Number of protein chains: 2
Amino acid sequence: MSRVAYVNGQYLPFHAAGVHVEDRGFQFADGVYEVVYFHHGRLIDEAGHLDRLERSLRELAIAEPMSRRALQAVMHETIRRNVIASGILYIQITRGVARRDHPFPEGVAPGIVMTVRRVKPTSAATIAAGVAVISTPDIRWKRCDIKSVSLLPNVMSKQAAKQAGAYEAWMVDERGFVTEGSSTNAWIVTAAGELITREVSSSILNGITRMALIELARQAGVTVVERPFTVAEALAAKEAFLSSTTSYVLPVTRIDGQPVGDGKPGPLSLRLRQSYESTVVQRVSA
Amino acid sequence: MSRVAYVNGQYLPFHAAGVHVEDRGFQFADGVYEVVYFHHGRLIDEAGHLDRLERSLRELAIAEPMSRRALQAVMHETIRRNVIASGILYIQITRGVARRDHPFPEGVAPGIVMTVRRVKPTSAATIAAGVAVISTPDIRWKRCDIKSVSLLPNVMSKQAAKQAGAYEAWMVDERGFVTEGSSTNAWIVTAAGELITREVSSSILNGITRMALIELARQAGVTVVERPFTVAEALAAKEAFLSSTTSYVLPVTRIDGQPVGDGKPGPLSLRLRQSYESTVVQRVSA
């Protein structure tokens, strides 16, 4: 059974899903995106992702291609046509197709693409072992709060991690503080048991899973402090982990080749992963 | 007569020139480009543009899609098929099409697109009046030496300039120095008659026209100093101008609404423009 993509009003066979070479997403990275996890046809944190998508569009003054309700209908129809029970929905909206010129074109409709695919769940072995991260200078632009497709530095960081045998790269700002991973948020648990993750600013993307985890931790009586931390602080921490839409919560057990704590996944990391998984299951069966 | 685009081995009608939605240029800004001016079928500074294109590819570890000789053949054939005497050739090379995942995909051929179009020469009135620029914080990433399609901050700056009624935005780094324009290099002429433009580093793109102008100025006995300058210094300068492949040399007569010098195009700016135009004509007739 073949995959289907939604492209500018049409449901197309995946292999035929194309955009014009003068789509501004292709020539200028002038577009935004979201990746939404779905399970048994239910989109997880759908409203959160749509809120963020609309915010990204507003920040760049890209028009919404359709109402939220219409967008949701297309999202669900794209999933339905792909006949996949669980996976991820990728949505990209660009400023549209126009003769190449830097300023915003006038009278041009935004472009929209949706694709769907299966994702392998993280293996129990990976969760049990935790993952390694490397640290790397954060060379990105100063509007990382916008979920734009201007992802070249993220690509370069992730490739550096892969080459070092690591799962992710934690990017470090000029003052020595971790901003976030190339596609995940970064967390530590201090000796005092406080959960630390960087505060929201233009230096990070406010993860939808990040927000859910803060809420879950607080509900469980954990003190959450949103502030920057250094790599040294992370290495000296009791636990470290990363979070994202597709990885949920993954314990980080090594940074730059050095063990975090005792080098094993920490109890709070694993508890938060379980809590998050439970909420996903609850929302699907609700 | 209709336009033709070259896309991954095929010459296509312009309207049908598309790339797959999973082209990494579209989803990750994972690609580079060049804009080359041509006049009567001759590409201006062809070798300089190809050198820079190859450097950009090397810096990102994107494979060259074909040999330089083959690329040149396609460039000239694309121009020939468009039957345009003078205009610009746009070349974009991306890391290719692959299932969406940040690290570099393996075994994937790079993607290549070329388009051609006419450009209106800058009007004599514009040259005589000079253009206005605004200053804006440089929020770009830290590898501006790579001519990547990760151009969203440049788009935003150019739009800000347009909204302010200006031609260009000069981006200012955290220390208060002008880096460059959103698609042009920035220059001033001091009271002592020295020509100043920012030195090459990862903070600017080394313009092909920039390099040609430094050479021409030195040949004319002008002292060229490659160093950063502030907006205040530019406002107090005798002359200011910008340079690029398509605008050649354009006098800058206003910055943030304030006049530069006496508010009129300066003699060195105009002389350099003439010299550069002469070299273009010479190379075409050579």
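Bear in mind the structure is a predicted one, so any value in this text is a computation, not a measurement.

A. Inspection of unusual backbone geometry at higher detail. All names here are of chain A. Here Ala29, not a glycine, exhibits a phi torsion of approximately 55°, which is positive. Mapped onto the elements, Ala29 comes out in the loop between helix H1 (24-28) and strand S4 (31-39). Ala29 gets classed as buried once you look at its relative accessible area, which sits at 1%.

B. Highlighting the confidence of the model for chain A. Averaged over every residue, the pLDDT of chain A is 96; residues scoring 70 or more account for 99%. Across the interfaces of the predicted complex, the ipTM metric reaches 0.97, alongside a pTM of 0.97.

C. Molecular detail of the nonpolar core. Formed by 60 residues in total, the largest nonpolar core has its most connected members in Leu195(A) and Leu195(B). Those residues in contact with Leu195(B), other than ones at most four positions away along the chain, are Trp187(B), Ile188(B), Val189(B), Ala217(B), Val222(B), Thr223(B), Val224(B), Val225(B), Phe241(B), Leu268(B) and Leu272(B). Within the second largest apolar cluster, 27 residues are counted, among which are Phe38(A), Met66(A), Ile84(A) and Ile112(A).

D. Region of the structure containing the interface of chain B and chain A. Contact with chain B, which involves 55 residues of that partner, is made by 55 residues of chain A. Among the residues chain B hides against chain A, the three largest losses belong to Phe26(B), His102(B) and Leu152(B). Together they make up 15% of the total. Here Glu106(B) and Lys162(A) are joined by a salt bridge, their closest N and O atoms 3.3 Å apart. There are 22 residue pairs in polar contact (both at pLDDT 80 or more) connecting chain B and chain A. Those elements that place two or more of their residues in the side of chain B that touches chain A are strand S3 (18-20), helix H1 (24-28), strand S4 (31-39), strand S6 (86-94), strand S7 (111-117) and helix H5 (152-163) of chain B. Residue contributions to the side of chain B that touches chain A peak at eight residues, all from H5(B).

E. Here's a closer look at the sheet that holds strand S1 (residues 4-7) of chain A. Residues and elements named next belong to chain A. Read across the open sheet, the six strands follow the order S2-S1-S7-S6-S4-S5; overall the sheet is antiparallel. Looking along the sheet, the strands with just one partner apiece sit at the ends: strand S2 (10-13) and strand S5 (42-43). On top of the sheet, helix H3 (residues 68-82) reaches S1, S2, S4, S5, strand S6 (86-94) and strand S7 (111-117); it is set at about 35° to S7, its chief contact.

F. Up close: the relation of the copies chain B and chain A. For the pair chain B and chain A, the relating rotation is 180°, the translation along its axis is 0.0 Å, and the fit reaches an RMSD of 0.0 Å. Taken together, the turn and the small shift mark the pair as related by a two-fold rotation axis. Of the interface residues in chain B, 100% have counterparts in chain A that sit at the interface too, so the contact is made through matching surfaces.

G. Just the packing of aromatic side chains, in detail. Within this structure, the stated rule accounts for twelve aromatic pairs over all chains. With 6.0 Å between their ring centres and 65° between their planes, Trp170(A) and Phe229(A) make a pair best called edge-to-face. Of the two residues, Trp170(A) is situated in strand S9 (residues 168-172) and Phe229(A) in the loop between strand S13 (224-226) and helix H7 (231-235); the sequence distance between them amounts to 59 residues. Ring pairing ties together the aromatic residues Tyr37(A), Tyr248(A) and Tyr276(A), which thus form one cluster. Here the guanidinium or amino end of Arg3(B) rests over the ring plane of Phe14(B), the centre of that ring lying 3.8 Å away.

Parameters and conventions
- Residues numbered from 1 in each chain as written.
- Chains lettered and ligands numbered in written order.
- Predicted model: local features only at pLDDT ≥ 70, side-chain atom pairs only at ≥ 80, totals over all residues.
- Heavy atoms only, no water.
- Helix = DSSP H or I, 4+ residues; strand = E, 2+ residues; numbered from the N terminus.
- Buried < 20%, exposed > 50% of the residue type's maximum accessible area, 1.4 Å probe, protein only.
- pLDDT = per-residue confidence, 0-100.
- Core = buried A, V, L, I, M, F, W, Y, C linked by side-chain atoms within 4.5 Å.
- Contact = heavy atoms within 4.5 Å.
- Buried area = accessible area lost by both parts, 1.4 Å probe.
- Salt bridge = Lys/Arg side-chain N within 4 Å of Asp/Glu carboxyl O.
- Polar contact = N/O pair within 3.5 Å; in protein donor to acceptor, adjacent residues only side chain to side chain.
- Pairing = 2+ DSSP bridges.
- Axes fitted to C-alpha atoms, helices over the stretch in contact; angles between N-to-C directions.
- Least-squares fit on C-alpha atoms with pLDDT ≥ 70 in both.
- Phe/Tyr/Trp six-rings, centres within 6.5 Å; stacked < 30°, edge-to-face > 60°.
- Lys NZ or Arg CZ within 6 Å of the ring centre and 35° of its normal.

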